[in-house]
Amino acid sequence: MNATSTINLARISAMDCTQAARLLAGVRHAALSGEQPRVLPRPVIEESWGRMLLDGVDPDHDFRSRLLGIEELEERRRASPLTEIMPVLRDALVSVADAAHHIMVVCDPEGRVLWREGNSAVLRKADSLGFELGADWAENTVGTNGIGTPLVVRRAVQVFSAEHFVETHHAWTCTGAPITDPRDGRLLGVVDISGPLNTMHPATLALVDSVAKLAEARLRETHVTALDRLRSVAAPVLARLAGRAVAVDAHGWTAAVTGMPPTDRLSLPKSLSAGHAWLPSLGTCAVEQLPGGWLLRVEEDPQPLAATRVILDVSGPRRWSVTVEGGGAGGWTHELSPRHAELLYLLSTHPKGRTASGLADDMFGDPARTVTVRAELSRVRRYLGGLLAHRPYRFPEDVDVEVILPEHPANLLPHSTAPAVREARRVPEP
């Protein structure tokens, strides 16, 4: 490896374990001291180290918050959708982890360890590291690691030895993949395989990522079954109604519709209740509860006032939202997927608008990838409606757009690999 090459885990894993750890420790030392390393850290690791330096995480010592109590741990387990997919994760990973001298760890979106199973000897070693049930393994608490870093970047990450920011973790290798809820794109947590550094294998990354996607597929199957049940209840009700109406589940997914073209999903207010509500795509609706969802009947006469303000919050490392205020839309908030957070941020930087090819260039460095951009913006328009104009894509001139950014530019949408976002992260603070 020469001075211009980047760490390659496949090559690292083929090296003697001690030699590989020493090489990575040298890269980390050079990066922390501002020197030129022999080889460059992988981009996902380098960017994570940058966040740790900004957050003030101590690279030499592990300072963590308290463990969750038993009651709080059990309450988080009961409330987590991950509970229903634990059999999938166990069947796919626990026996493999045990045989490979690893443990499987499952955490919630805050990085708290909710489940931990696998090789008994490794479990005991994990105890000494603070890798316990109820422990906090968020990136900004314990540095770059296979739980906290996937939570931030929203993709599978393998962290080997001295790629961990905190030195006390260098004897370990860990590989984690995020699990998202297919119903609303919400981050549910991370499944991780961890063990002593001599057990590292680059194929673990593909294994863990595949199992996370398998778990998401199981959640998707459960969701389809629930929609079918709602449809069987709603169809007879809608058949008796005149005008426009739609039956949706709690996440806004459409089960049945009458009097208007079908749509896959509507964005609902977080606190929807029986009565009346304003929705961007429908206007004012009468809301009635159904078993497993809601009946929305469009009220044809009342016309909502136009929204006057859009607040785009991209200040957090893992969650982002858009809020619509003013007129009949007061206080309406929608949590954004990683891709939609990127797109809306990029549009906010171009008040006069951006073409599909321009956004494709911003997102992928390839202006030809317009099909993907148009498809995603079509999904955005399902919840923003007329608040997102097109030809070119933009926010209307009469809407006040406020963007809430992170304190440090380097922390902007840390999951994003879009060239325009990466460039914005490099902009120095004023």
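All values reported here derive from a predicted model rather than from experimental measurement. (Residues numbered from 1 in each chain as written. Predicted model: local features only at pLDDT ≥ 70, side-chain atom pairs only at ≥ 80, totals over all residues. Heavy atoms only, no water.)

**Student:** Would you mind going over the overall build of the protein with me for this structure?
**Tutor:** Counting secondary structure elements, the protein contains 13 helices and 14 strands. Taking 430 residues into account, the globule formula puts the C-alpha radius of gyration at 22 Å, and the protein, at 24 Å, falls close to it. Projecting the C-alpha coordinates of the protein onto the three principal axes gives extents of approximately 75 × 45 × 40 Å. The long-range share in the protein, meaning contacts at least 24 apart out of those at least 6 apart in sequence, stands at 57%. Looking at the protein as shown, the accessible area adds up to about 19400 Å², and 52% of this sits on carbon and sulfur atoms. If you average the places of the 46 positive and of the 52 negative side-chain charges in the protein, the two averages end up 4 Å apart. (Helix = DSSP H or I, 4+ residues; strand = E, 2+ residues; numbered from the N terminus. Rg over C-alpha atoms; globule rule 2.2 N^0.38 Å. Contact = heavy atoms within 4.5 Å. Areas by Shrake-Rupley, 256 points an atom, 1.4 Å probe, with all protein chains shown as cover. Lys, Arg positive; Asp, Glu negative; His and termini not counted. Charge placed at Lys NZ, Arg CZ, Asp CG, Glu CD.)

**Student:** Please clarify how the side chain of Ser194 should be interpreted in this entry.
**Tutor:** Take Ser194: it is sitting in strand S5 (residues 187-196). The class for Ser194 is buried, based on a relative accessible area of 1%. Discounting residues that sit within four places of it in the chain, Ser194 has contacts with His102, Ile103, Val122, Phe131, Trp172, Thr173 and Cys174. (Buried < 20%, exposed > 50% of the residue type's maximum accessible area, 1.4 Å probe, protein only.)

**Student:** How do you make sense of the pairing of strand S8 (residues 275-279) when you look at a structure like this?
**Tutor:** Regular strands have side chains that alternate between both faces of the sheet. The pairing of S8 with strand S9 (residues 283-290) spans five bridges and is classified as antiparallel. From the neighbouring strand, Gly275 faces S9, where its bridge partner is Val287. The turn joining S8 and S9, which pair antiparallel and follow one another in sequence, is formed by three residues. (Pairing = 2+ DSSP bridges.)

**Student:** I keep staring at the UniProt feature "domain: GAF" (unreviewed entry) in the protein and nothing clicks. Help me out?
**Tutor:** Cross-referencing UniProt, the feature "domain: GAF" (unreviewed entry) maps to residues 116-218 in the present numbering. Segment residues 116-218 splits into 35% helix and 25% strand. End C-alpha atoms: 21 Å apart. (UniProt positions renumbered as here; feature names shortened; annotations may be inferred.)

**Student:** What is the right way to look at the sheet that holds S9 in this model?
**Tutor:** In sheet architecture, strand pairing relies on hydrogen bonds along the backbone and comes in two forms, parallel and antiparallel. Read from one edge to the other, the open sheet built from five strands follows the order S7-S6-S10-S9-S8, with strand pairing classed as antiparallel. Looking along the sheet, the strands with just one partner apiece sit at the ends: strand S7 (254-258) and S8. Across this sheet, the average inter-strand angle for adjacent strands is 25 degrees, counted without regard to direction. On top of the sheet, helix H9 (residues 203-239) reaches strand S6 (245-248), S7, S9 and strand S10 (293-298); it is set at about 15 degrees to S7, its chief contact. (Axes fitted to C-alpha atoms, helices over the stretch in contact; angles between N-to-C directions.)

**Student:** Help me out: how do you make sense of the sheet that holds strand S1 (residues 103-107) in this one?
**Tutor:** With antiparallel pairing, the five strands of this open sheet are ordered in space as S2-S1-S5-S4-S3. Here the strands that pair on one side only, and so sit at the sheet edges, are strand S2 (113-118) and strand S3 (157-160). Each strand of the sheet is rotated relative to its neighbour by a mean of 15 degrees, with strand direction disregarded. By the bridge criterion, five bridges tie S1 to S2 in an arrangement that is antiparallel. Each residue of the ladder has a partner; that of Val106, found in S2, is Trp115.

**Student:** Any chance you could explain the side chain of Thr254 here in plain terms?
**Tutor:** Structurally, Thr254 is set in strand S7. A distance of 2.7 Å separates a polar side-chain atom of Thr254 from the backbone oxygen of Thr263. In this structure Thr254 touches Leu227, Arg231, Val246, Ala247, Val248, Thr263, Asp264 and Arg265, once residues within four positions along its chain are discounted. (Polar contact = N/O pair within 3.5 Å; in protein donor to acceptor, adjacent residues only side chain to side chain.)

**Student:** How do you make sense of the pattern of salt bridges when you look at a structure like this?
**Tutor:** Side-chain pairing between opposite charges can occur once the charged atoms of the two side chains come close. Tallying each qualifying case throughout the model produces 25 salt bridges. Across the salt bridge formed by Glu110 and Arg76, the nearest N and O atoms sit 3.1 Å from each other. Here Arg76 lies in helix H4 (residues 70-79) and Glu110 lies in the loop between S1 and S2, a separation of 34 residues in the sequence. Notably, a salt bridge pairs Arg309 with Glu402, separated by 2.2 Å at the nearest N-O pair. Pair noted here: Arg309 is in strand S11 (residues 309-313) and Glu402 is in strand S14 (residues 400-404), with a separation of 93 residues, a long-range link. Of the residues examined, Arg309 reaches a relative accessible area of 28% and is grouped as partly exposed. Looking at Glu402, the relative accessible area reads 28%, which means it is partly exposed. One connected set of salt bridges, linked through shared partners, spans Arg66, Glu72, Arg76, Asp108 and Glu110. (Salt bridge = Lys/Arg side-chain N within 4 Å of Asp/Glu carboxyl O.)

**Student:** It is not clear to me how the environment of Gly148 should be interpreted in this structure. Could you clarify?
**Tutor:** Within the fold, Gly148 resides in helix H8 (residues 148-153). Residue Gly148 is classed as buried on the basis of its relative accessible area of 0%. Sequence-wise, Gly148 and Gly189 are 41 residues apart; in three dimensions their C-alpha atoms are separated by 9.6 Å.

**Student:** Even after reading the chapter, I still don't get the environment of Lys352, so can you show me in this structure?
**Tutor:** Secondary-structure assignment places Lys352 in the loop between helix H10 (338-348) and helix H11 (356-364). C-alpha of Lys352 to C-alpha of Glu397: the two residues are 45 residues apart in sequence and 8.4 Å apart in space. Contacts of Lys352, omitting those with residues within four sequence positions, involve Pro392 and Arg394.

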